[in-house]
Protein chains: 4
Amino acid sequence: MKLWEKGHPLDKKIEAFTVGDDYLLDQKLVPYDCLASIAHVRMLGQIGILQKNEVEKLVRELNRIVELDRKSQFKILKEDEDCHTAIENHLIGELGKLGEKVHTARSRNDQVLTALRLYEKDRLTACRQQLEKLIGVFRRFVKQYGQIQLPGYTHMRKAMVSSIGLWGQGFIDSMKDNVYLIDCAYKLIDQCPLGTGAGYGVPIKIDRPFVARLLKFKRVQKNPIYAQHSRGKFESTLLHSLSQIMIDLNKIATDLVLFSMDEFGYFELPKSFCTGSSIMPQKQNPDVLELIRAKYHLLVAYEMQIKNITGNLISGYHRDFQLTKEPVMKGFEITLESLAMMSLIISKIKVNRENCKKGMTPELFATERVYELVKQGMSFREAYRKIAEEY
Amino acid sequence: MKLWEKGHPLDKKIEAFTVGDDYLLDQKLVPYDCLASIAHVRMLGQIGILQKNEVEKLVRELNRIVELDRKSQFKILKEDEDCHTAIENHLIGELGKLGEKVHTARSRNDQVLTALRLYEKDRLTACRQQLEKLIGVFRRFVKQYGQIQLPGYTHMRKAMVSSIGLWGQGFIDSMKDNVYLIDCAYKLIDQCPLGTGAGYGVPIKIDRPFVARLLKFKRVQKNPIYAQHSRGKFESTLLHSLSQIMIDLNKIATDLVLFSMDEFGYFELPKSFCTGSSIMPQKQNPDVLELIRAKYHLLVAYEMQIKNITGNLISGYHRDFQLTKEPVMKGFEITLESLAMMSLIISKIKVNRENCKKGMTPELFATERVYELVKQGMSFREAYRKIAEEY
Amino acid sequence: MKLWEKGHPLDKKIEAFTVGDDYLLDQKLVPYDCLASIAHVRMLGQIGILQKNEVEKLVRELNRIVELDRKSQFKILKEDEDCHTAIENHLIGELGKLGEKVHTARSRNDQVLTALRLYEKDRLTACRQQLEKLIGVFRRFVKQYGQIQLPGYTHMRKAMVSSIGLWGQGFIDSMKDNVYLIDCAYKLIDQCPLGTGAGYGVPIKIDRPFVARLLKFKRVQKNPIYAQHSRGKFESTLLHSLSQIMIDLNKIATDLVLFSMDEFGYFELPKSFCTGSSIMPQKQNPDVLELIRAKYHLLVAYEMQIKNITGNLISGYHRDFQLTKEPVMKGFEITLESLAMMSLIISKIKVNRENCKKGMTPELFATERVYELVKQGMSFREAYRKIAEEY
Amino acid sequence: MKLWEKGHPLDKKIEAFTVGDDYLLDQKLVPYDCLASIAHVRMLGQIGILQKNEVEKLVRELNRIVELDRKSQFKILKEDEDCHTAIENHLIGELGKLGEKVHTARSRNDQVLTALRLYEKDRLTACRQQLEKLIGVFRRFVKQYGQIQLPGYTHMRKAMVSSIGLWGQGFIDSMKDNVYLIDCAYKLIDQCPLGTGAGYGVPIKIDRPFVARLLKFKRVQKNPIYAQHSRGKFESTLLHSLSQIMIDLNKIATDLVLFSMDEFGYFELPKSFCTGSSIMPQKQNPDVLELIRAKYHLLVAYEMQIKNITGNLISGYHRDFQLTKEPVMKGFEITLESLAMMSLIISKIKVNRENCKKGMTPELFATERVYELVKQGMSFREAYRKIAEEY
């Protein structure tokens, strides 16, 4: 039974369509929704809606759901529609009338927002950790190979002297800025929406700072209309920050695919990281790098998807918002697994000193020769033209 | 065992990442890949690579896989990586050495292309049918309610007199043009890629027109490099045609959500099509319409995803292309179910004559009054200014 | 003075914002709007709204505007807002009262649609011609260099033997399919919207087939609501077809940038096509190819822009649609100039026989060796594994 | 003459294509490039490349260019290609040999980055100010009308009681978070790239912190490869922050368009803010709101454009990056003018007390009635079902 059922059964086809895969996605939210419900229940105790022993019973049962879920024994059914309903139904099943009180002073709308936000904070923290890990891997890589010189390219043409150190450090610096962006997103979303109801508050006095504190939110998201409006806004901001990680991985992957070609041979991917062809027996393909490269575009599409779904809509909740859940979840998964893959790759990839050296052809030093003339007092532009004559 | 395995086991984490959910998506392709393999095997018989009885054995076993799949008894395992491997492994398991011959004169690359294209032709045909069905439903709707007048809006302001007939016919005409776009996409992709191998043909003389004929393709896609390049091109074209269906459904849904508000009341959605709120007991929400509206944006994102994944890459296959599979499959699913939902809705929605009439306020007739003056000989612009004075 | 002015002057800042750059973009539409107005005026003569000599006067003056515009002497002012107003104002200025009649039986809405569609048909035809030209250039290129073998790549790894002929023919085939897509878009939009007014027709009997015939439209776009709805739909379809040209150019450019690197040297770009660096005197950069590559992404963004602007809006005209004009115009410009550039490049680029030959390393023949074993009777998979042992 | 010219004239058509409109866009960068050049010249003095009087001459001339530009007397010609060339050519024209020294120890690549970043910091500051202004306007609006109750909607259906205060405060809170996002973007890009050359440094010892200090950058962007890579990354981050402003304006506009319809009448737009129709004399159209709404989608497209242009490219500069300039500039323009428009609108729009009151129908109080039962001790779910029976 759904939370909102009141005697008119929903057409079965309509139900199948509106529920979609939501009940599957929601499996990820179960522990966060329980956590939020525990804080909510404690607050209801605080303001006298629930009695102390009622609070304890509910908290105990909610903790039991977390436990069941950890063991994959708490399943959301299609008929349940979502995790919120499944949890309330479970509470009513176990605790009877008491379960019917748990939804006091909240709506599914602020419940979803809260569970999602707790989940998002968790995943952002995981991303930050994976980023730090990759930075560490890159540091070791630079330590090992940093001195090796290789050609630096612009316009995909040999330009000036570069080095593995310069190349690796570039990504370290970029990833540090990604950490900053992750932190920005985290701080933005670190506000507690529980208590905003369906976007117009609840007709009862509640203690929102108490709930926020229990859930470790930095602050209360006061305005209930903004709470709804922030759905999509917050998600697109966090997806943007993930896309910045992914564009870095896209570039690393693109570099590695190119420069591990036999024609360059600067990098060597372990054979155990390469797949083959069903027809060509000699092939060693860098599929893992190609997929990381391609997955950047998924992140961009997810961000855009959310940005477009939420446009041209008036204030207040719309069911359209539901479709922002999947891109966020997938965005996190992809970013986390791509970061892990890249850490594995950078920790195992080899730099081929010999090939790097072979690549260091004379034109890479043309600019240095200009500057030798500059140091002898020639104007830069004149020195440039003088050396240019040779090419 | 994978088709390309040759003694260097793939790192387990890399494997998990590169396979992803592909083996699940591929379940949809099993019958199409078998169909293509049957045609391929018959061709191999034709050119003397297989003997007649070998052909018959392989065809029989491939048909058996189709049968098993129909009963959900043919499962692709993660270790199989994809349906092509699962099928070849099954054939080798059942037929021994003979199974090892089936991959002669093809690559997984042209196999994927062929299976996908057969699947796509099938789904495009299904979309066409659902479109025709919706056109039929709209025709009956117009027949029943067409005479009812209601306000026509521009800039979301009352403009001139409209009617249910005008409104419904507008979508009928638009959907007829969508049928045309579906047909355009169908004709474009109706070319057989089997025999193009991994993008550079196969080093053996084969009979491509024979295969194309068996698979009911209109023509052979001759150039193998183009066959690879068309992956993404064809998919984005068909997703564009689906997006045109979805923008129509988006507009219908947007119209119905607005004009079924109590403030207008022109349309009435059956209660059994509406969901409720977990907090507000009075709510009858048009979730089904909101989701159809929102799903348009998924189609746009899918098309864009494919367009971006395939950019900035040189000729020839890249593993990136793999990521074009899911958006195509999801695009079809969404379009088909949204069309079905809209047919259901239009067949059940009611027009409220009373409210439409109430909406017919005088300003809707201002333009007609201008034209009365025009008919009396006044210049249009003068007549316009004269009537405008009243507002 | 604007067509709709009636005594309440528009706030100056609001005016500047709403007009934007429209009056500049509209300069391109002047001849098409005049053409449409001539047909409209003749039709008004036909149905008795205008007398024969009135028709002749108006037609003469409209032709004069076309002439003035050809000499860049017809300027749309910011106060005019758009070309339609500028033209009506001009007619009133020259012909007095008679000019005030020209807007009878139409709205700016169907006027814009008609002028845009005539413009679009023109530009699509131009694209088709440029495509045919590029196909011709590629044919000559293949004739000259087609026999040269060079490595074929998959996953950016040497795969099998390819040739300049195979490569060039791949793009010829792809561009032929682009011609087909251009034709599909052309046929879709080849319907006359004039007479649909502001989306609800005009309160006077007019002869729409007569107008359509004069303007060489294949058919009348009957339903006025659909006429409005097709704005955006038609534009996104034609932009999609342009994007398919651009993805081909993107791929050609990506191939040429890579394979003209010294590390490959298969292709040689004339020096006069390359730009240099402000700091590195040796550089020969393929900027022209990089820009063609990048401009593909503009086309994708334009299509998406239109698709998103028009979503989540009810039936009928919205001012939002105005913003679909610029992406269409820019989309055409970019595609046309990119096609012209590519024709120039392919006609001048050289294939370096020596370097292509050097690239033909043994692993490219591994598959052929598998097939030699197959021809001796070994099963494909066994032969594959046998040769694979060497790698 | 271009900075990189060395005797091989560039093909004229190629030149026209590669320069494009860049020389026009660059007009905006002239003062920033001069500012950066002044700092650069002072640094060259510091490290002994230029003598004190040379520094002063160059600084004086650069300041003169700023002055000329302020009076629109410094024009970049198409042959100049960009502002950097125009400025160097001007310096050489005025100061001869001395001008030829100004490009020592830098490349156009880091010059562009620096000028753009100074420009971006300026524009972000302007956005922040416009945001603060709009927040102020909203505060006064809330002060004036905040007490007025009106219906709150979810799913575009009457939900619970809302108020102008709640509605306005929602946007104030959202815009405060936008200020935070603007600040995040500002802090990210506040690093000085001058001295990174073409992405691989310059072969001469320079004092980068000195330059950064003079240009008021918070820190030096040390790694030159990251400096190039950050092009696109920084721009997409700032466009994301602008898109968050625009989605707020999109929502405000969507609310105002709907709720100023006669059918609601909660808001009243001044007549001088409305445009009319060329055919319907009664129309008062909210074009300004529709355009603000639509322009959100431009911002999304710009961000995406940059994200896609920069994908799948190896490290180092590519000419593709040039195409990221226009979307950034347009993004700023649109956001700034939309913010200004919205401030104007909110300061002038009226709330219609009467209509708001009329909108307050009984179902809006259903939830409150549930809570009355809850306060009497009934469980929430039971109370909900009891009240639900009435609907």
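Per chain, the residues get numbers from 1 upward, laid out in the order the sequence is written. Lettering for chains starts from A, numbering for ligands starts from 1, and both go in the order in which the items are written. Under the rules for a predicted model, residues below a pLDDT of 70 receive no local features and side-chain atom pairs below 80 are neither given nor counted, while totals for whole chains, interfaces and linings still include all residues. Values reported for side chains reflect all heavy atoms of the structure, with hydrogen atoms and water molecules removed beforehand.

Novice: Which parts of the structure should I look at to understand the overall build of chain A?
Specialist: Within chain A, the regular secondary structure consists of 14 helices and six strands. Rg of the C-alpha trace for chain A: 28 Å, well past the compact-globule value of 21 Å for 391 residues, more than 25% over. When the backbone C-alpha atoms are referred to their principal axes, chain A occupies close to 90 × 55 × 40 Å. By the burial criterion, 72% of the 391 residues in chain A qualify as buried. Total accessible area computed for chain A in this model is approximately 12,700 Å², and 50% of it derives from carbon and sulfur atoms. A residue counts as positive if it is Lys or Arg and as negative if it is Asp or Glu; His and the chain ends are not included. We put the charge of a Lys on NZ, of an Arg on CZ, of an Asp on CG and of a Glu on CD. In chain A, 58 positive and 48 negative side-chain charges are present, and the distance between their average locations comes to 4 Å. In this description a helix means any DSSP run of H or I spanning at least four residues, a strand means any run of E spanning at least two, and both kinds are numbered starting from the N terminus. In this treatment the radius of gyration is a C-alpha quantity, and the globule benchmark scales as 2.2 Å times the residue count to the 0.38 power. Here the term buried applies to any residue with accessible area under 20% of the maximum for its type, exposed to any over 50%, and partly exposed to those in between, with areas from a 1.4 Å probe on protein chains only. Working definition of accessibility: Shrake-Rupley area with a 1.4 Å probe, residue cover restricted to the visible protein chains.

Novice: Help me out: how do you make sense of the relation of the copies chain B and chain C in this one?
Specialist: Look at the two chain copies: a rotation about an axis and a shift along it is all it takes to match them. The copies were overlaid with a least-squares fit restricted to C-alpha atoms from residues scoring a pLDDT of at least 70 in each copy. Of the transformation placing chain B onto chain C, the axial shift is 0.0 Å and the rotation is 180°, giving an RMSD of 0.0 Å. Here the copies are linked by what is in effect a two-fold axis. By C-alpha distance to the rotation axis, the residue of chain B lying nearest is B:C184, at 3.3 Å.

Novice: Would you explain the environment of D:V102 in this entry?
Specialist: Along the chain, the position of D:V102 falls in the loop between α5 (83-95) and α6 (108-145). Each C-alpha atom of the pair D:V102 and D:I65 lies 15 Å from the other, and the pair is 37 residues apart in sequence.

Novice: Would you mind showing me how to read the domain arrangement of chain A here?
Specialist: Quite often, the size of an interface is put as the accessible area lost when its parts meet. Each domain's extent was defined by an automatic or database domain assignment. Assigned domains within chain A: domain 1 (12-101), domain 2 (108-196 + 217-360) and domain 3 (362-391). Here domain 1 of chain A and domain 3 of chain A have C-alpha centroids that lie 73 Å from each other.

Novice: Whenever I open this one, the pattern of salt bridges confuses me. Can you help?
Specialist: Here the idea is simple: oppositely charged side chains can pair when their charged atoms come close. By definition, a salt bridge exists where a carboxyl oxygen of Asp or Glu is found within 4 Å of a side-chain nitrogen of Lys or Arg. Using the criterion set out here, one finds 116 salt bridges over all chains in the structure. In this structure, the salt-bridge partner of B:D22 is B:K325, at a minimum N-O distance of 3.5 Å. With a gap of 303 residues between them, B:D22 in helix α2 (residues 22-25) and B:K325 in helix α11 (residues 325-348) connect regions that are remote in the sequence. The class of B:K325 is buried, set by a relative accessible area of 2%. A salt bridge links B:E303 to B:K307; the shortest N-O distance between them is 2.8 Å. Taken together, the residues span about one helical turn, with B:E303 and B:K307 both in helix α10 (residues 287-309) at a distance of four residues. For the pair B:E303 and B:K307, a shared accessibility class is recorded, and that class is buried. The structure contains a network of salt bridges with shared partners spanning A:K97, A:E100, D:E382 and D:R385.

Novice: What is the right way to look at the relation of the copies chain D and chain A in this model?
Specialist: Structural alignment of chain D on chain A gives an RMSD of 0.0 Å, achieved by rotating through 180° and translating 0.0 Å along the axis. Any two residues whose heavy atoms approach within 4.5 Å are treated as being in contact. Most of the interface of chain D is mirrored in chain A: 100% of its interface residues are interface residues there too.

Novice: Honestly, the interface of chain D and chain A in this entry has me stumped. Any pointers?
Specialist: Counting from both sides, the interface comprises 95 residues of chain D and, opposite them, 95 residues of chain A. In total, about 8,100 Å² of surface goes out of reach between chain D and chain A, with carbon and sulfur atoms giving 58% of it. Looking at the side of chain D facing chain A, the largest losses of area belong to D:Y200, D:I314 and D:R381, adding up to 9% of the total buried there. Across the contact surface, chain D and chain A share twelve salt bridges. The partner of D:D248 in a salt bridge is A:K233, and the shortest N-O contact between them spans 2.9 Å. For the purposes of these results, a polar contact is taken to be a pair of N or O atoms within 3.5 Å, where, inside protein, one atom must be able to donate a hydrogen and its partner to accept one; residues adjacent in sequence count only when each atom of the pair is a side-chain atom. Here chain D and chain A share 62 residue pairs in polar contact (both at pLDDT 80 or more) between them. Elements that contribute at least two residues to the side of chain D that touches chain A include exactly β1 (149-154), β2 (157-163), α7 (164-189), α9 (224-259), α10 (287-309), α13 (366-375) and α14 (380-388) of chain D. For the side of chain D that touches chain A, the element with the highest residue contribution is α9(D), accounting for 19 residues. Summed over both partners, the accessible area (1.4 Å probe) lost when two parts come together is defined as the buried area.

Novice: Looking at this structure, how should I read the pairing of strand β2 (residues 157-163) of chain B?
Specialist: Two faces belong to every sheet, and in a regular strand the side chains alternate between them. Residue and element names in this part refer to chain B. In terms of burial, β2 is a largely internal element, seven of the seven residues being buried. Strand pairing is assigned whenever DSSP identifies at least 2 bridges connecting the two strands. The pairing of strand β1 (residues 149-154) with β2 spans six bridges and is antiparallel. Residue pairing across strands places T154 opposite R157, the latter belonging to β2. The turn linking β1 back onto β2 is made up of two residues, and H155 within it adopts a positive phi angle of 55°.

Novice: What exactly am I supposed to notice about helix α1 (residues 12-19) of chain C here?
Specialist: Every α-helical turn comprises 3.6 residues, leaving residues that sit three or four positions apart pointing alike. Residues of α1(C) that are buried include every one of C:I14, C:E15, C:F17, C:T18 and C:V19, and no others. Tucked into the core, α1(C) has its buried residues touching α2 (22-25) of chain C together with α10 and α11 (325-348) of chain D. Capping of α1(C) at its N-terminal end is provided by C:D11; its side-chain oxygen lies 2.9 Å from the backbone amide nitrogen of C:K13.

Novice: Please explain the interface of chain B and chain C as it appears in this structure.
Specialist: On the side of chain C, 95 residues touch chain B, which itself brings 95 residues to the contact. For the chain B and chain C pair, buried surface summed over both sides reaches about 8,100 Å², with 58% attributable to carbon and sulfur atoms. Three residues stand out in chain B for area buried against chain C, namely B:Y200, B:I314 and B:R381, and they jointly supply 9% of the buried area on that side. Taken together, the connections running from chain B to chain C amount to twelve salt bridges. A salt bridge links B:R381 to C:E88, with the nearest nitrogen and oxygen atoms 2.8 Å apart. Joining chain B to chain C, the criterion identifies 62 residue pairs in polar contact (both at pLDDT 80 or more). Those elements that provide at least two residues to the side of chain B that touches chain C are β1, β2, α7 (164-189), α9 (224-259), α10, α13 (366-375) and α14 (380-388) of chain B. Gly falls in the polar group here, along with every residue not listed as nonpolar (Ala, Val, Leu, Ile, Met, Phe, Trp, Tyr, Cys, Pro) or charged (Asp, Glu, Lys, Arg). Residues belonging to the side of chain B that touches chain C are distributed by class as follows: 39 nonpolar, 32 polar and 24 charged.

Novice: Explain a positive patch on the surface here, please?
Specialist: A surface patch of positive charge is lined by A:K13, B:K133, B:R140, B:K348 and B:K350. With respect to the helices and strands, B:K350 occurs in strand β6 (residues 350-351). Residues enter patches when they are more than 30% accessible in relative terms and free of salt bridges; like-charged ones are connected within 9 Å and nonpolar ones (Val, Leu, Ile, Met, Phe, Trp, Tyr) within 5 Å.

Novice: How should I be thinking about the side chain of C:S277 in this particular structure?
Specialist: Structurally, C:S277 can be placed in the loop between β5 (267-268) and α10 (287-309). Here C:S277 falls in the buried class, since its relative accessible area comes to 6%. Within polar-contact distance, the side chain of C:S277 engages the backbone nitrogen of C:I279 at 2.9 Å. In this structure the side chain of C:S277 is engaged in a polar contact, spanning 2.8 Å, whose partner is the backbone nitrogen of C:M280. Beyond its immediate sequence surroundings of up to four residues, C:S277 is in contact with A:Y384, C:K283, C:N285 and D:W4.

Novice: Would you take a moment to explain the environment of B:S272 for this structure?
Specialist: Position of B:S272 among the secondary structure elements: in the loop between β5 (267-268) and α10. Assessed through its relative accessible area of 26%, B:S272 is described here as partly exposed. Taking C-alpha positions, B:S272 is 9.4 Å from B:Q284, a pair spaced twelve residues apart along the chain. Excluding anything up to four places from it in sequence, B:S272 contacts A:P9, A:L10 and A:D11.

Novice: Please explain the packing of aromatic side chains as it appears in this structure.
Specialist: Think of a pair of aromatic rings as described by two things: how far the centres are apart, and how the planes are tilted against each other in angle. In this analysis, rings of Phe, Tyr and Trp, with Trp reduced to its six-membered ring, are considered paired at centre separations within 6.5 Å, and the interplanar angle assigns stacked below 30 degrees, edge-to-face beyond 60, and tilted for intermediate values. The tally for this structure, following the rule as stated, stands at 74 aromatic pairs over all chains. With 5.5 Å between their ring centres and 90° between their planes, A:Y317 and A:F321 make a pair best called edge-to-face. Neither residue differs from the other here; A:Y317 and A:F321 are each classed as buried. Plain terms: the ring middles of C:Y32 and C:Y119 are 5.8 Å apart, the flat faces sit at 75° to each other, and that makes the pair edge-to-face.

Novice: What exactly am I supposed to notice about unusual backbone geometry here?
Specialist: Note on backbone geometry: most residues besides glycine have negative phi, and most peptide bonds are trans. Positive phi, close to 55°, is recorded for C:M156, a residue that is not glycine. With respect to the element layout, C:M156 can be found in the loop between β1 (149-154) and β2 (157-163). Judged by its relative accessible area of 9%, C:M156 falls in the buried class. Of note in this structure, D:K216 is not a glycine but carries a positive phi near 60°. Along the chain, D:K216 falls in the loop between α8 (208-214) and β4 (219-220).

Novice: Just to check I follow, could you spell out the side chain of C:E263 for this structure?
Specialist: Mapped onto the fold, C:E263 is located in the loop between α9 (224-259) and β5. Reaching out from C:E263, the side chain makes a polar contact with the side chain of A:Y153 at a distance of 2.6 Å. Every residue in contact with C:E263, bar those within four places of it in the chain, is listed here: A:Y153, A:K158, A:E263, A:F264 and A:Y266.

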